[in-house]
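Next come the chains, spelled out residue by residue.
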Amino acid sequence: MDSVRLLEPVTLSRRRPYFLVLWLLAAVVSGPVGAEPPPIISGAARFYPVYAPNGMVATQERHATEAALEVLEEGGNAVDAAVTAAFTLAVTLPRAGALGGGGFMVVHLAEEERTFAIDYRETAPAAAHRDMFLREDGTADPTKSRFSALAVGVPGNVAGLLHALENYGTIDRRRALAPAIALAEEGFPVSKDLFDSLVIAAPRLFRDPAAREVFYTRFGAPRVIGETLRQPDLANTLRRIAEDGAAGYYTGPVAEKTVDFLRGRGGIMTLEDLAEYRPVERSTVSGHYREFTVHSMPPPSSGGIHLLQLLKMLEPESIADMGFGSARKIHFMAEAMKRAYADRSVHLGDTDFVDVPMSELLDGGYLARRMADFSPHGATPAADISPGDPLHPAEGDNTTHFSIVDAHGNAVANTYSINFSYGAQMMVPGTGVLLNNTMDDFSAKPGTPNAYGLIGGEKNAVEGGKRMLSSMTPTIVLDEGGDVLLVTGSPGGSRIITTTLQIIVNTIDHGMNIAEATNAPRFHHQWLPEYLRVENGFSPDTLGILRRLGHEVREMDAMGSTQSILREGSWWTGASDPRRPDARTLGH
Ligand code: DON
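Residues numbered from 1 in each chain as written. Predicted model: local features only at pLDDT ≥ 70, side-chain atom pairs only at ≥ 80, totals over all residues. Heavy atoms only, no water.

Some points on the layout of surface pockets
Volume-wise, the second largest pocket comes out at about 310 Å³. What lines the second largest pocket is a set of 20 residues, and nearest its centre among them are Ala110, His408, Gly409, Asp483 and Val484. Tallied by class, the residues present in the lining of the second largest pocket amount to six nonpolar, nine polar and five charged. (1 Å grid on protein atoms, 1.4 Å probe; cavity = no way out; pocket = protein on both sides within 12 Å on 5 of 7 lines; lining within 4 Å. Points joined across faces, edges and corners; volume = space filled by probe spheres on them. Nonpolar A, V, L, I, M, F, W, Y, C, P; charged D, E, K, R; others polar.)

And the structure:
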């Protein structure tokens, strides 16, 4: 009974002066950002985010989070921490973060009030051509585009990350690479997540001699949980990059070994392809959603355009009033998703090579017309939804994302990838570098689905030097005052766009805290294949209504691994997706 009485209001108010003194002390110690107490989470919240007043890091692997946080604590900015995290993930999350991949970084610089994107997506080797993945009978050969030496695009990671550091960072390259080098050299314990990924990848990865030596015993068993995984060749490659910058990867022995290895297997990448690789700075795709401004990734990602299309299609309705798990909401959003992905199948490609009608695809009138045949009473069959014609309106599962913010209000949303788990499942001997199989993101044959079931059009046909279309959607949302509100993104192939969308809708429309928004069950529709994919966790009543509306509902595996940071008042709140066990968010 006594303990119950302690909770009575009178007891609390008698204690308040002590709390006030403690709070004032904490406010003085933690500086201006922490001058306000953290928001009190309502009793209805089921999940708690991580809170911190100054800066925060959310990545898919704990060593990377810790290394990046240390940089922030030493006074480095969000870009310094991002580059540190990315190189660390290349060691500790080898299935997704390898040096031999490519990606996208969206950066917000608070002082300059500027948000922009760095595109370091892989490019097709100069000798690539549109029919390179076809069999003699003209059909697409997925083994060629996914698991042969032809599947490998010219990697962009090293160039892109160093571009970010040299232009927007404050720390020395050697400092940024130090944690990655130490972890590759001295090793780190194999986690359950890493072990599981090695078991799944074994049938192909074990056949690659260099990868076998690193990840497996002679008898084919993966390194066991808790065993120290050392990657000495990778440590040497990282050391070269620390000393010589991008030249340490794109020229000299690492480049020569890469080209020799690929050429020996029928590949077409040349030393010139590597030496000529350049990252590109691009304007973000930006637009308003309710009172907020959303900045996301432009082509060669389809992510930003379709995220904004979707938000614009949803905006006229009150998603909040529909309710989180209601069939009405899921049906409405799924129908919008179908229309956006139908547009993707035709209109998107690398804007350095083809015209993408970006402003037309995002035009309010066009999007209203796209939703004009939406019926709340039934699903529109995919066959009745064609890609729109924005130019003639009258005729009308491996990648990893991390989010970082610093004490100055800067933010980085970064998604990078080697496409499949362990990419092409090839390691360049003597370098420790795993290679991507991102060439499969081109349309091997326009109209034929890629590994994610995505149909690509002529605009995404293979061409030397071109960047293949992506769904990666690193996103930063600003509030009305232009300050960072939300930093988010996810892996998940075609599901990246809709996963990112749901983090925005869950926080902005449903008012969830970032942990709830992350943990909430997800759904996805991509027009073709024609089914509504849902995670475990929706009510059977809801699913029953959706089926009666005409959706083929399939309950399938979890989708995405978001790493997100949301500002609440003057506090950063963050959450790592529990769908990936090693993920970690930490702040200071
Ligand atoms: O760029 C893309 O869209 C794909 N290569 C991403 C692959 C992916 O997310 C796989 N991860 N789970």
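Having seen the structure, we can now continue with the description.
Remarks on the environment of tryptophan 527
Considering the arrangement of structural elements, one finds tryptophan 527 in the loop between β16 (523–524) and β17 (532–534). As for tryptophan 527 and leucine 454, which are separated by 73 residues in sequence, their C-alpha atoms are 9.1 Å apart. When residues no more than four places from it in sequence are discounted, the contact partners of tryptophan 527 are Lys338, Tyr341, Ala342, Ser345, Ala382, Ile385 and Pro387. Here alanine 382 takes part through its backbone oxygen, which lies 3.2 Å from a polar atom of the side chain of tryptophan 527. (Helix = DSSP H or I, 4+ residues; strand = E, 2+ residues; numbered from the N terminus. Contact = heavy atoms within 4.5 Å. Polar contact = N/O pair within 3.5 Å; in protein donor to acceptor, adjacent residues only side chain to side chain.)

Things to note about the sheet that holds strand β2 (residues 56–59)
Two orientations exist for strands paired in a sheet by backbone hydrogen bonds: parallel and antiparallel. Across the sheet, which stays open at both edges, the seven strands sit in the order β7-β4-β3-β11-β10-β2-β21 with antiparallel pairing between neighbours. Each edge of the open sheet carries a strand with a single partner, namely β7 (280–283) and β21 (584–587). Taken pair by pair, the neighbouring strands of this sheet meet at an average axis angle of 15 degrees, ignoring direction. Across the sheet, helix α4 (residues 78–92) lies against β2, β3 (102–109), β10 (399–405) and β11 (411–417), angled at about 155 degrees from β10, the strand it touches most. Here helix α6 (residues 157–168) sits on the sheet in contact with β3, β4 (114–120), β7 and β11, set at roughly 150 degrees to β4. (Pairing = 2+ DSSP bridges. Axes fitted to C-alpha atoms, helices over the stretch in contact; angles between N-to-C directions.)

Quick word on the nonpolar core
Soluble, globular proteins show a tendency: their nonpolar side chains are buried together. Core analysis: the biggest nonpolar cluster contains 85 residues, and Phe87, Leu99, Met105, Leu205, Phe215, Leu238 and Ile404 have the highest contact counts within it. Not counting residues within four places of it along the chain, the set of residues in contact with leucine 99 comprises Phe87, Ala90, Pro155, Asn157, Val158, Leu234, Thr237, Leu238, Ile241, Tyr249 and Val433. Of all hydrophobic cores here, the second largest spans 58 residues; its members include Ile330, Leu485, Ala515 and Phe523. (Core = buried A, V, L, I, M, F, W, Y, C linked by side-chain atoms within 4.5 Å. Buried < 20%, exposed > 50% of the residue type's maximum accessible area, 1.4 Å probe, protein only.)

Details of the pairing of β3
With eight of its eight residues buried, β3 lies for the most part within the structure. A two-sided burial pattern is seen for β3, the buried positions comprising Gly102, Phe104, Val106 and His108 on one face and Gly103, Met105, Val107 and Leu109 on the other. Sheet topology note: the β3/β11 ladder contains seven bridges and is antiparallel. Note on β11: the bridge partner recorded for glycine 103 is tyrosine 416. Bridge analysis of β3 against β4 gives seven bridges, and the strand direction is antiparallel. Note on β4: the bridge partner recorded for phenylalanine 104 is aspartate 119. Counting the residues between successive antiparallel strands, the hairpin from β3 to β4 contains four residues, one of them, glutamate 113, with a positive phi of roughly 50 degrees.

Notes on the pattern of salt bridges
Tallied over the entire structure, the rule returns 30 salt bridges. With its nearest N and O atoms 3.6 Å apart, the salt bridge here joins glutamate 243 to arginine 174. Taken together, the residues span a long stretch of sequence, with glutamate 243 in helix α10 (residues 232–244) and arginine 174 in helix α7 (residues 173–186) at a distance of 69 residues. We classify glutamate 243 as partly exposed; its relative accessible area is 45%. (Salt bridge = Lys/Arg side-chain N within 4 Å of Asp/Glu carboxyl O.)

Observations concerning empty space enclosed by the protein
What the largest cavity holds in volume is close to 120 Å³. Together, 16 residues line the largest cavity, and Asn419, Asp441, Tyr452, Ser471 and Gly493 are the ones closest to its centre. A breakdown of the residues in the lining of the largest cavity according to their chemical character gives five nonpolar, eight polar and three charged. In this structure, the second largest cavity encloses a volume near 60 Å³. Along the walls of the second largest cavity sit Arg344, Asp441, Phe442, Ser443, Thr448, Asn450, Leu454, Ile455, Gly456, Asn460 and Leu469, which together make up its complete lining. When its residues are assigned to classes, the lining of the second largest cavity shows four nonpolar, five polar and two charged.

Some remarks on the packing of α4 against α10
One can describe the packing of α4 onto α10 by two numbers: an axis separation of 11 Å at closest approach and a directional angle of 160 degrees. The pairing of α4 with α10 is recorded here as roughly antiparallel in orientation. Here the hand of the crossing between α4 and α10 comes out right-handed. Facing α4, whose interface residues are Phe87, Ala90 and Val91, α10 presents Leu234, Leu238 and Ile241. In terms of residue class, the contact of α4 with α10 is built from six nonpolar, no polar and no charged. (Parallel < 35°, antiparallel > 145°, perpendicular 65-115°, else oblique. Left-handed = near helix turned anticlockwise from the far one by under 90°.)

Points about the sheet that holds strand β15 (residues 484–488)
Sheet architecture is open: seven strands sit in the order β1-β20-β19-β15-β14-β9-β8, paired in antiparallel fashion. Each of the sheet's edge strands pairs with one partner strand only, and the pair in question is β1 (50–52) and β8 (285–289). Across the sheet, the mean angle from the axis of one strand to that of its neighbour is 20 degrees, orientation sign disregarded. For strand β19 (residues 563–568) and strand β20 (residues 571–576), the ladder comprises six bridges, and the chain directions are antiparallel. Bridged to arginine 567 within β20 is tryptophan 572.

What about the pairing of β11?
On a regular strand, each side chain points to the face opposite its neighbour's, so the side chains alternate between the two faces of the sheet. With respect to burial, β11 is a largely interior element, seven of its seven residues being buried. The two faces of β11 match: Ala411, Ala413, Thr415 and Ser417 on one face and Val412, Asn414 and Tyr416 on the other face are all buried. As paired elements, β10 and β11 share seven bridges and run antiparallel to each other. Looking at β11, one finds that valine 405 is bridged to alanine 411.

Concerning the packing of aromatic side chains
The final tally for this structure, using the stated rule, is eleven aromatic pairs. On the numbers, 6.0 Å between centres and 10 degrees between planes, the contact of tyrosine 250 with tyrosine 277 is stacked. Placement of the pair is tyrosine 250 in helix α11 (residues 247–250) and tyrosine 277 in the loop between α13 (271–275) and β7, with a sequence separation of 27 residues. Accessibility classification places tyrosine 250 together with tyrosine 277 in one group, the buried group. Between phenylalanine 324 and phenylalanine 538, the aromatic rings sit 6.1 Å apart at their centres with planes inclined by 15 degrees, giving stacked as the arrangement. Phenylalanine 324 sits in the partly exposed class, given a relative accessible area of 22%. Ring pairs connect the aromatic residues Phe147, Phe420 and Tyr452, which therefore count as one cluster. The residue whose ring lies beneath arginine 114 is phenylalanine 116, and the NZ or CZ to ring-centre distance is 4.3 Å. It is arginine 554 that lies over the ring of tyrosine 531; its NZ or CZ is 3.9 Å from the centre. (Phe/Tyr/Trp six-rings, centres within 6.5 Å; stacked < 30°, edge-to-face > 60°. Lys NZ or Arg CZ within 6 Å of the ring centre and 35° of its normal.)

Focus: helix α14 (residues 303–314)
The terminal C-alpha atoms of α14, which comprises twelve residues, lie 16 Å apart, in line with the 16 Å expected from a rise of 1.5 Å per residue. For α14, every residue scored as buried is listed here: Gly303, Gly304, Ile305, His306, Leu307, Leu308, Gln309, Leu310, Leu311, Met313 and Leu314. (Expected span 1.5 Å × (residues − 1).)

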